[in-house]
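# Architecture and fold: a report
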Amino acid sequence: MYSRNCCTLPLVSLLSLLSLLLFTVALPAAEEIIKTTADHTKFDELQQTFNSGPEVTQACLSCHTEASKQIHKTKHWLWKFTHPDTGEELGKQTIVNNFCGAIETNYARCTSCHIGYGWKDNSFDFSSETNVDCLVCHDTTGTYKKFPTGAGHPPYVDKPFPPKSKKIWKAPDLSQVAQRVGKTSRKTCGACHFYGGGGDGIKHGDLDSSMTNPNQTLDVHMGTDGLDFTCSTCHQKEGHDVSGSRYITQAKDEHGIDVPGRDDNIRSTCESCHGDKPHPVTVNNKLNDHTNKIACTTCHIPTYARGGRPTKTWWDWSTAGRMSNDGKHIKTKDAQGYVNYVTKKGSFEWGENLVPEYAWYSGNIRYKQLDEKIDPNGVVAINTFEGSYDDPDARIWPFKVMRGKQPFDKGNNTLVTTHLFGKDSDAYWKSFDWNRAIKAAMDAGNADYSGEYGFIETTYHWPLAHMVSPKEETLGCESCHAKEGRLGNLSGFYMPGRDNYYWVDLFGWLAVLGTVGGISLHGLGRLFSKANRR
Amino acid sequence: MSQIYYFSLFERFWHWSQAILIFGMLITGFEIHGTYQLLGYEQAINLHTIMAWVLIGLWLLALFWHTTTGEWRQYLPSDADTMLSMVKYYLVGIFLGAPHPFHRKRVEKHNPMQRMAYLILTMVISPIIWLSGILYLFYQYWPLIGMSGTSLGLVAAVHTIGAFAILSFIPIHLYLTLTTSEEPFGYLIEMIVGHERKRG
């Protein structure tokens, strides 16, 4: 009995160890299966050869009957946002930016990032359900890519891009893609949002292709070695309407942690998971105190564009159009190998690991409208926003500020749209004639153009919310509480360590020096008089 | 055996702990003020806050001790004439080798100028610093006490003025206590052991 026990025990433990090992190995696979209840490879509707995107959508809609109607209401589809306070029509459809200007007359190029098919001109049918592109968001194969000049369509045959180059864009196998749809991912959202402004990382600074599979150091939430969040972990809402738009940012979420049934169910603010007092209380509770005036991102995004991809910081269109002596297009690169001049687009500057700029921000961004007057001698702020120290809804936010020079109407003192892309000779990228390019775009949008253009410097603020660093790399107090701190340009409030009153300090130090001087003289006098008395 | 204990154990403890705390508060305080960088801002804030609470505790303890022992009378202002003769002594007599106008007794251990200086220090400057400091510390909660319109800069300025007052007090205090005793460093020794060092 005794001896048998001593032999079976190791055997039992070995077996249990083995089964444990087997179990842990089997676990991920089992999870994979239970994540969804539908296997799209088994759907009859998808067992067919699709010739175009809209055909796939047709099949999707046969089960997901309301999907397109939901998409139709969103900014992803309309590229339009009516500001509830001002009634201004914002959104990509109307806004002039300082990247490629505006989408008017450039549709087929710009709408390669539209969540639809075929928006190639003003006649696009926004009520068409089959023109909604389901795959661009729900592809899991990584093979589905909209063609850069395809007005939202993927290539249906293998095609080179740039045209005549050796880079081939492969046509996706649409039925393969359709049978393997799934949830959105960093890759699908990133297919557009990482490439805004015409290429990787150009626009946002906190969103670029390094965020497809970031590590925790780059983004503590999305890091694949950590929480592995997808975009929709935070940017979620019901009915395909994604929360977290920039047009009305929730600069301060006083709901704190969102509880179902109680709160606004918007998960795209930091507070909706972390609450508004997220820091452990130490001797000082200053970090929690700061949440009323400082956005989380201000300290927790110490630098942006730090995933190894640069972001564009300067874009000067006024230098565009130069050709080499033999009439060829020019392309030059800077010391780091980043393109800093191309004939079609002018001069660029890039930056990595950039320190944000900071501003009071209540969430209300105002955009310069096309017909709004501008100061031809100043720097035009394409977007401005409300907020100040005294505004209880405002907090200090970090921004990437995109700067550049772009054409404007010298006669009317307004911004202009420009017809860049197209096969016609009015297109700037064909004729390199700004006057024609501006006239064509302005005419198409029924906007007034005086016929005289110049170039004006502009700024465009992009609030930063991604590339949140691990807490070890968060900014410390002295990043701002210092004479030359990060918030040096913000005014209207007293900040310890940065501010002092000149007269208080002057008289204070004079008083201290005065007493030291006084007692020194007094002491010396005593020494002398004592020596004299002897 | 006829030694007079001018300073009880509590007073000596009070004096030296207060001295250490005030130096600590000044060092950390001027770092927070932005005058220099030494410990790092957060560290300075933490130490400043801890020391502030200890100092306030100590102040309350001293207040209690002085009221219960009756020693608070040591800090009542003297009459104008005695005060004036003291000022005259420091301005003129001390250079001429004139005798000290004040005769120290156990119930009157401080000279008129000391009495006045310490009274102002503990009853005016310290409360100004502590009250403004507490407001500074609980800046976040000003709206709850109807202070939302007050500028932090004003409170900070008052606090800083108090700090400069203390900083100006220290050299005078050190000079007078270290150089005016009959025995070299007599007052310093007294503040350590509690009584005068009797000759012979």
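Keep in mind it's a predicted model, so treat the numbers as computed, not measured.

The rules we used
Residues numbered from 1 in each chain as written. Chains lettered and ligands numbered in written order. Predicted model: local features only at pLDDT ≥ 70, side-chain atom pairs only at ≥ 80, totals over all residues. Helix = DSSP H or I, 4+ residues; strand = E, 2+ residues; numbered from the N terminus. Buried ≥ 20, exposed ≤ 12 C-beta atoms within 10 Å, placed from the backbone. Contact = placed C-beta atoms within 7 Å. Nonpolar A, V, L, I, M, F, W, Y, C, P; charged D, E, K, R; others polar. pLDDT = per-residue confidence, 0-100. Pairing = 2+ DSSP bridges.

Another point: the overall build of chain B. When you go through chain B residue by residue, the secondary structure sums to 6 helices and 0 strands. Starting at the N terminus, the α and β elements of chain B follow one another as α-α-α-α-α-α. Its C-alpha atoms give chain B principal-axis dimensions of roughly 60 × 35 × 35 Å. Burial statistics for chain B: of 200 residues in total, 16% are counted as buried. Sequence separation of 24 or more characterises 62% of the internal contacts of chain B that already satisfy a separation of 6 or more.

Each turn of an α-helix holds 3.6 residues, which means side chains three or four residues apart point in the same direction. Taken together, the buried positions of helix α8 (residues 186-193) of chain A are occupied by A:R186, A:T188, A:C189, A:G190 and A:A191. Among the structural elements, α6 (135-138) and α9 (231-234) of chain A are those in contact with the buried residues of α8(A).

Across the contact, 30 residues belong to chain A and 30 residues belong to chain B. Broken down by secondary-structure element, the contributors of at least two residues to the side of chain A that touches chain B are α11 (286-290) and α15 (502-533) of chain A. Sort the elements by how many residues they give to the side of chain A that touches chain B and α15(A) lands first, with 12 residues. Classifying every residue of the side of chain A that touches chain B by side-chain character gives 11 nonpolar, 11 polar and 8 charged.

This paragraph deals with the confidence of the model for chain A. Interpreting fine coordinate detail is not advised for predicted regions of low pLDDT. All names here are of chain A. Across chain A, the average pLDDT comes to 91, with 94% of residues at or above 70. Within chain A, the lowest mean pLDDT, 48, falls on helix α1 (residues 2-34), and the highest, 98, falls on strand β5 (residues 311-316). Across residues 22-31, where pLDDT falls below 50, the model places 0 contacts with residues more than four positions away in sequence or in other chains.

A few words on the pairing of strand β15 (residues 453-463) of chain A. In regular strands, side chains alternate between the two faces of the sheet. Residue and element names in this part refer to chain A. By the bridge criterion, 2 bridges tie strand β11 (residues 380-381) to β15 in an arrangement that is parallel. Bridge pairing links V380 to T458 in β15. As judged from the 11 bridges shared by strand β13 (residues 395-409) and β15, these two strands associate in the antiparallel manner. Residue pairing for β15: D409 is matched across the bridge by Y453.

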